[in-house]
Amino acid sequence: MGFKVVPFIDLTRHYKEIQDEVFSAVRRVFEKGRFILGEEVSAFEEEFSRYCGVRYGVGVGSGTEALYLALKAAGVGEGDEVITVANSFIATALAISQTGAKPLFVDIDPETYTMDPNALEHLLRRQKAKGGRRRIRAILPVHLYGHPARMDSIMDLAKRHDLVVVEDACQAHGARYQGRKVGSFGLLGCFSFYPTKNLGGYGDGGMVVTDERRLSEKLRLLRCYGEKEKYQHVLKGFNSRLDEIQAAILRIKLRYLDQKNEERRRKAEIYRRMLKGEGFHPPVEDEKARHVYHLFVIRTKRRNGLQAFLKEKGIETLIHYPGPIHLQRAFRELGNSKGDLPMTERYAKEILSLPFFPEMTESEIEEVVKNIRSWIR
Ligand SMILES: Cc1ncc(COP(=O)(O)O)c(C=O)c1O
């Protein structure tokens, strides 16, 4: 038998498991005839915020808009600075610049690829010495690949420097740090429901979660034209809403999230066991963290050769992300240059995301590993 093609991800497999439930939920929305900000969105906001361990949830159009609106709600705007990381999806930094603020990037922890609290502390000290700290308003850590950032140290630094924390939890639904769910540490937590996410809809969607009622109310205004009552606009808002159909689907998928995250952890263990001793750096799980493996990312100095070889064998891999944000043309005006973030830049050349999703079969994992082994030898 020839080789078998292994897809990076196959969303149809979960869909086939739940299609009857999905169709009846979608039918329910059509039969009610309400498509924007109805009962499904309210119910999902309540269910998902409870899942995260916070009081309020506000459904919005996407993860990017969740970040943007969360920063706006926190009062970030023109002339402010927000500290984040450069090894994330570009949306993290776009959301900052869309508010008129400037992203300041810090390097990452070499084990978990998330914001390095030492680098953060160093930057805060340096800015303070320059007398420029007042422009920094917020810290935006990213729970990358499903692994939480080091929230104990980050929250501690934020407190000491009187800064707001907004979490980018777009890749980490259900991940925990010291037993607590991500999204519940900062003033605001942001999620994406893009279809490939651990909790993904069948279209775009996002949510901001918060414990502060005042902020949830502001977010409700911001997402809907700043409208308090019909045609009464109290601030300059936007149109960014999770829709009823997506909310109805996400309510069903939320019921499977823990089970699917467990499945991800089990598959990650299988990969890890099979790759042991082959000289790759598999993902690390911090002892305080519970990883939910949005992606399974390994590291090798010979990344490009391996990726090309696997492609030839019909095995699809991706790189998250090949070009760090601080070196992207779109952010040229920030004046960053190569060498600014050594760890981020080095890892961008070495990381490789292997095919990974909860419904992946063990024989598919074996096929990937078998090919990796044959490439080494
Ligand atoms: C870390 C991170 N932040 C933000 C986003 C933006 O989310 P969306 O695609 O829903 O706008 C994504 C995903 O795409 C992401 O992975």
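Definitions and limits used
Residues numbered from 1 in each chain as written. Predicted model: local features only at pLDDT ≥ 70, side-chain atom pairs only at ≥ 80, totals over all residues. Heavy atoms only, no water. Helix = DSSP H or I, 4+ residues; strand = E, 2+ residues; numbered from the N terminus. Domains from an automatic or database assignment. Contact = heavy atoms within 4.5 Å. Buried area = accessible area lost by both parts, 1.4 Å probe. Near = heavy atom within 4 Å. Polar contact = N/O pair within 3.5 Å; in protein donor to acceptor, adjacent residues only side chain to side chain. Areas by Shrake-Rupley, 256 points an atom, 1.4 Å probe, with all protein chains shown as cover. 1 Å grid on protein atoms, 1.4 Å probe; cavity = no way out; pocket = protein on both sides within 12 Å on 5 of 7 lines; lining within 4 Å. Sits in = over half its atoms within 2 Å of the grid points.

Colleague: Just to check I follow, could you spell out unusual backbone geometry for this structure?
Modeller: Leaving glycine aside, a negative phi is the common case for residues, and trans is the common case for peptide bonds. Residue Y321 follows H320 across a cis peptide bond; omega there is 10°. Here Y321 shows up in the loop between α9 (303-312) and α10 (342-348). Notably, Y145 is not glycine yet its phi reads approximately 65°, a positive angle. Of note in the backbone geometry, D162 takes a positive phi value of approximately 60° without being a glycine. Note on placement: D162 falls in the loop between α6 (151-160) and β5 (164-168).

Colleague: I tried to follow the domain arrangement of the chain on my own but got confused; where do I start?
Modeller: Reports often express the size of an interface as the amount of accessible area lost when the parts come together. Per the domain assignment, the segments making up the chain are domain 1 (12-251) and domain 2 (256-376). Here domain 1 and domain 2 have C-alpha centroids that lie 24 Å from each other. With 44 residues of domain 1 in contact, the opposing surface of domain 2 contributes 39 residues. Buried surface at the junction of domain 1 and domain 2, summed over both partners, amounts to about 3,600 Å²; 61% is from carbon and sulfur atoms. It is R13, Y145 and N198 that lose the most area in domain 1 upon contact with domain 2, and together they represent 20% of the buried surface on that side.

Colleague: Just checking my understanding: could you explain the site of the ligand for this structure?
Modeller: The local shell around the ligand holds 15 residues, among which G63, T64, D168, S192 and K197 are the closest. G63 is positioned such that a nitrogen or oxygen atom in its backbone is 2.8 Å from an oxygen atom of the ligand. Here an oxygen atom of the ligand and a side-chain polar atom of K197 are 3.2 Å apart. In isolation the ligand offers 380 Å² of accessible surface; the protein chains occlude 92% of this area. Spatially, the ligand is embedded in the largest pocket. Taken together, the elements giving at least two residues each to the shell around the ligand come down to α3 (63-73) and α4 (91-98). Here the shell around the ligand gets three residues from one element, more than from any other, and that element is α3.

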